Amino acid sequence: MDTVFIKGLEVDTVIGAYDWERTIRQCLRVDVQLGWDNRPAALNDELDKALDYATVSQRIQAFASEAQFILVETFAERLVEVLMSEFHIPWVRLTLTKPGAVAAASGGVGVEIERGCR
């Protein structure tokens, strides 16, 4: 199983448990690894057989723009479900970072989940 990845994709969404967080959009950083067999695309240099990371990135951004969750855990689970279903991806590892949520955590805080089979 090969891996297609997107690192540091910043998206704006409504996320958080506090009342004030429900009234603003906040930035989340998405790092995702997607299991994919690159051989069919590479065999004859065929774009239509590749996992299009630009299209996946756009879908992640669209998902975030529509989402309104309390927990980053919920955001992560729902996003992975969408990616696996819409793009027929057998395995996903997603790291979701909420920068600034804990002032002393300079790299942010968040969750990492892995779903599917490699």
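The structure this text deals with has already been given above.
The structure displayed is predicted, hence computed values, not measured ones. (Residues numbered from 1 in each chain as written. Predicted model: local features only at pLDDT ≥ 70, side-chain atom pairs only at ≥ 80, totals over all residues. Heavy atoms only, no water.)

How do you make sense of the side chain of Thr13 when you look at a structure like this?
Mapped onto the secondary structure, Thr13 falls in strand E1 (residues 2-15). When its relative accessible area of 0% is taken as the criterion, Thr13 is described as buried. Reaching out from Thr13, the side chain makes a polar contact with the backbone oxygen of Ala67 at a distance of 3.3 Å. Residues in contact with Thr13, not counting those within four places in the same chain, are Ile24, Arg25, Gln26, Leu28, Ala64, Ala67 and Phe75. (Helix = DSSP H or I, 4+ residues; strand = E, 2+ residues; numbered from the N terminus. Buried < 20%, exposed > 50% of the residue type's maximum accessible area, 1.4 Å probe, protein only. Polar contact = N/O pair within 3.5 Å; in protein donor to acceptor, adjacent residues only side chain to side chain. Contact = heavy atoms within 4.5 Å.)

Sorry if this is basic, but what is going on with helix H3 (residues 72-87) here?
Three or four residues apart is the spacing at which side chains of an α-helix point the same way, because the helix has 3.6 residues per turn. The terminal C-alpha atoms of H3 lie 22 Å apart, and with 16 residues this matches the ideal 22 Å at 1.5 Å per residue to within 8%. Every buried residue of H3 is accounted for by Val72, Phe75, Ala76, Leu79, Val80, Val82, Leu83 and Phe87. Each buried residue of H3 lies within a common arc of 160° when the element is viewed along its axis, so the set occupies one face. At its buried positions, H3 is contacted by E1, strand E2 (26-36), helix H2 (53-66), strand E3 (68-69), strand E4 (91-98) and strand E5 (109-116). Looking one or two places after H3, you find His88, whose phi comes out positive at around 55°. (Expected span 1.5 Å × (residues − 1). Arc of directions from axis to C-beta.)

Would you take a moment to explain the nonpolar core for this structure?
In a soluble, globular protein the nonpolar side chains are often hidden away together inside. Val32, Ile60, Phe75, Leu83 and Leu94 are the most contacted members of the largest nonpolar core, which totals 31 residues. Among the elements of the structure, E1, E2, H2, H3, E4 and E5 are those that each provide at least two residues to this core. In contact with Val32, other than residues within four places in its own chain, are Val4, Phe5, Ile6, Ile60, Leu83, Val92, Arg93 and Leu94. (Core = buried A, V, L, I, M, F, W, Y, C linked by side-chain atoms within 4.5 Å.)

How do you make sense of the layout of surface pockets when you look at a structure like this?
The computed volume of the largest pocket comes to approximately 250 Å³. In this structure, the largest pocket is lined by 17 residues; those nearest its centre are Gly16, Glu21, Val72, Lys98 and Ala101. Among the elements that make up the lining of the largest pocket, the one with the highest residue count is E5 (three residues). (1 Å grid on protein atoms, 1.4 Å probe; cavity = no way out; pocket = protein on both sides within 12 Å on 5 of 7 lines; lining within 4 Å. Points joined across faces, edges and corners; volume = space filled by probe spheres on them.)

It is worth stressing that arrangement in space is one thing and function is another; only the former is reported here.
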